[in-house]
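Remarks on the overall topology
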Amino acid sequence: MTTSQQQRPGKPGTGTSTDDPAAAEAVYLDATRQLLEPLGVRDGDVVVDVGPGAGSATLALARAVGERGRVYAVDLDHAMLEATLAVAESAGVADRIRPVCHDIEDGVPPLPERADAVWSSWCVHHARDWDAAARALLGLLRPGGVLCLAEGGLPARCLPWDTGIGRPGLEIRLDEAHDRHFTQWFFGRPGARRPARGWAEILTGAGLSEVTAFTALVDIPAPLNAEVRAVVLAELAARVRRAGPFLTPDDAAAWAELLDPGAPAWLGHRADLTLLTARTGFRGRRPQR
Ligand SMILES: C[S@@+](CC[C@H](N)C(=O)[O-])C[C@H]1O[C@@H](n2cnc3c(N)ncnc32)[C@H](O)[C@@H]1O
């Protein structure tokens, strides 16, 4: 990272769902790799990862572009850029990474060259205006370049329908409460613009052609190993924390028990936790002219 970039504080993250994004990214890495494939990254390509988080996709892209290629990592949160660089350094590919501190809500990131491919996963939905953010991503591409946007998919299923604590269907009601939280957070910001359509339409409206969608299944059955279990517990705790104001008192009490490592009902004691979810990617191409 250059000195001028180090001196830029960036903005506080609006992003990762747990305190250990690297652990979560490791669990989803197979799905991420599947979603990266349609980008068709080749040796020597110039690629951008917008919202790299802990950098697992950036690293995969850095390996794909080889020694002659470059990967720009664009994030508003300086800590994410540092994490990404640290991962690349331990893998010996940091010289292929160019960190750029930029908020995509401020428009097209100021890169010195156009990209062959742009990847962005679980970032754009943080922006107040998804159409404007999609146009900012499109602006990074050379004519004929390819964009893959990973957004949407399905919420995770980790618990049995009946945990024996509280009423059955706890996780389904958590999804609903979390969605109400997201809606309140999204529209609580001045300038938030209702998207009113799906991601494929948003990309097409931004000017991409040949837009297609594809989904990667994440299917990790019980019993979970220690690493996956820790991520599942951290993600559930984070969802419950955010959804808290929208949970009924009995559901909040059930979650408090299930997420308390000191309680006999702690989810960490269970052998029936799973991780079943789906991640969707949308691929489109910048027209030649
Ligand atoms: C949920 S994390 C996703 C990380 C990773 N791409 C993944 O799929 O796991 C969101 C990332 O986008 C970044 N981000 C959120 N809003 C942004 C914005 N407006 N401009 C640039 N980066 C942003 C966050 O700092 C974080 O690194």
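Please read these numbers as outputs of a predicted model, since none were measured by experiment.

So, on to the overall build of the protein chain. When helices and strands are tallied, the protein chain shows 10 helices and eight strands. Taken against the 2.2 N^0.38 rule, which gives 19 Å for 289 residues, the C-alpha radius of gyration of the protein chain at 20 Å falls within 12% of a compact globule. Once the C-alpha set of the protein chain is aligned to its principal axes, its extents read approximately 60 × 40 × 35 Å. The contacts of the protein chain with a sequence gap of at least 6 include a subset with a gap of at least 24, amounting to 78%.

Moving on, we get to helix α4 (residues 56-65). Along α4, eight of the 10 residues are buried, which leaves the element largely enclosed by surrounding structure. Those residues of α4 not exposed but buried are Ser56, Ala57, Thr58, Leu59, Leu61, Ala62, Ala64 and Val65. Among the residues trailing α4, Gly66 stands out with phi positive, at a value near 70°.

Before going further, it helps to examine the pairing of strand β1 (residues 46-50). Note on strand geometry: in a regular strand, side chains alternate between the two faces of the sheet. Burial analysis of β1 places five of its five residues in the buried class, which makes it a mostly covered element. Side chains Val46, Val48 and Val50 project from β1 onto one buried face, and the interleaved Val47 and Asp49 project onto a second face that is buried too. The pairing of β1 with strand β4 (residues 115-121) spans four bridges and is parallel. In the strand pairing of β4, Val47 is matched with Ala117.

If you check UniProt for "domain: Methyltransferase" (unreviewed entry), the listed places come out as residues 47-145 in our numbering. Helix and strand shares over residues 47-145 are 32% and 27% respectively, and the end C-alpha atoms of the span are 10 Å apart.

Our next topic: the environment of Cys101. By the secondary structure assignment, Cys101 is in strand β3 (residues 97-101). For the pair Cys101 and Arg286, spaced 185 residues apart in the sequence, the C-alpha separation amounts to 24 Å.

Time to look at the environment of Ala132. If you trace the backbone, Ala132 turns up in helix α6 (residues 130-138). Along the sequence, Ala132 and Asp106 sit 26 residues apart, while their C-alpha atoms lie 9.3 Å from each other.

Right, let's talk about unusual backbone geometry for a bit. The omega torsion of the bond from Ala222 to Pro223 falls at -5°, within 30 degrees of zero and hence cis. One non-glycine residue with positive phi stands out, namely Ala196, at about 60°. Looking at the secondary structure, you find Ala196 in the loop between α7 (170-187) and α8 (199-206). With phi around 55°, Glu210 is a residue other than glycine that occupies positive phi space. Residue placement: Glu210 occurs in strand β7 (residues 209-220).

Attention shifts here to the domain arrangement of the protein chain. By domain assignment, the protein chain separates into domain 1 (3-151 + 195-217 + 278-285) and domain 2 (156-184 + 222-273). Taken together, the contact pairs seven residues of domain 1 with seven residues of domain 2. Class assignment for the residues of the side of domain 1 that touches domain 2 results in four nonpolar, two polar and one charged.

Counting through the fold element by element, Ala62 comes out in helix α4. Taking C-alpha positions, Ala62 is 35 Å from Thr183, a pair spaced 121 residues apart along the chain.

The N-to-C vectors of α7 and helix α9 (residues 226-243) enclose an angle of 55°; their axes lie 8 Å apart at closest approach. The pairing of α7 with α9 is recorded here as oblique in orientation. You can see that α7 and α9 cross each other, and the crossing is left-handed. Residues Leu174, Ala177, His178 and His181 of α7 lie in contact with α9, whose contacting residues are Arg239, Val240, Arg242 and Ala243. Looking at the contact of α7 with α9 residue by residue, the classes come out as four nonpolar, two polar and two charged.

A word on the nonpolar core. In this structure, Val47, Leu61, Val118, Trp119, Cys148 and Val232 are the most contacted members of the largest nonpolar core, which totals 81 residues. For this core, the leading source of residues is α9, giving seven residues. Residues from two domains meet in this core; each of domain 1 (3-151 + 195-217 + 278-285) and domain 2 (156-184 + 222-273) gives at least three. In this structure, Trp119 is in contact with Leu36, Leu39, Val47, Asp49, Ala57, Leu61 and Cys148, ignoring residues within four places of it in sequence.

About the thresholds
In every chain, residue numbers begin from 1 and rise along the written sequence. Per-residue local features are limited, in this predicted model, to residues with pLDDT of at least 70; the limit for side-chain atom pairs, both in listing and counting, is 80 or more; totals at the level of whole chains, interfaces and linings are taken over all residues. Working definition: helices are DSSP H or I runs of at least four residues, strands are E runs of at least two. Numbering for both runs from the N terminus. Just to be clear, the radius of gyration here is over C-alpha atoms, and the globule rule we use is 2.2 Å times residues to the power 0.38. Note that contacts rest on C-beta atoms placed from the backbone: two residues are in contact if these are within 7 Å. Using C-beta atoms placed from the backbone, we call a residue buried if 20 or more other C-beta atoms fall within 10 Å of its own, exposed if 12 or fewer do, and partly exposed for counts in between. Note on pairing: two strands pair once DSSP finds at least 2 bridges between them. UniProt positions are given in the numbering used here, feature names are shortened, and annotations may be inferred rather than shown by experiment. Marked domain ranges trace back to an automatic or database domain assignment. Put simply, Ala, Val, Leu, Ile, Met, Phe, Trp, Tyr, Cys and Pro go in the nonpolar bin, Asp, Glu, Lys and Arg in the charged bin, and everything else, Gly too, in the polar bin. For helices, the axis comes from a line fit to the C-alpha atoms of the stretch in contact; other axes are also lines fit to C-alpha atoms, and the angle between any two N-to-C directions lies between 0 and 180 degrees. Reported orientations rely on four angle classes, namely roughly parallel under 35 degrees, roughly antiparallel over 145, roughly perpendicular from 65 to 115, and oblique for the rest. Helix crossings fall into two classes, left-handed where the near helix is turned counterclockwise from the far one by less than a right angle and right-handed where it is turned clockwise. Core membership is restricted to buried Ala, Val, Leu, Ile, Met, Phe, Trp, Tyr and Cys residues, and these are joined into a nonpolar core through C-beta atoms within 7 Å.

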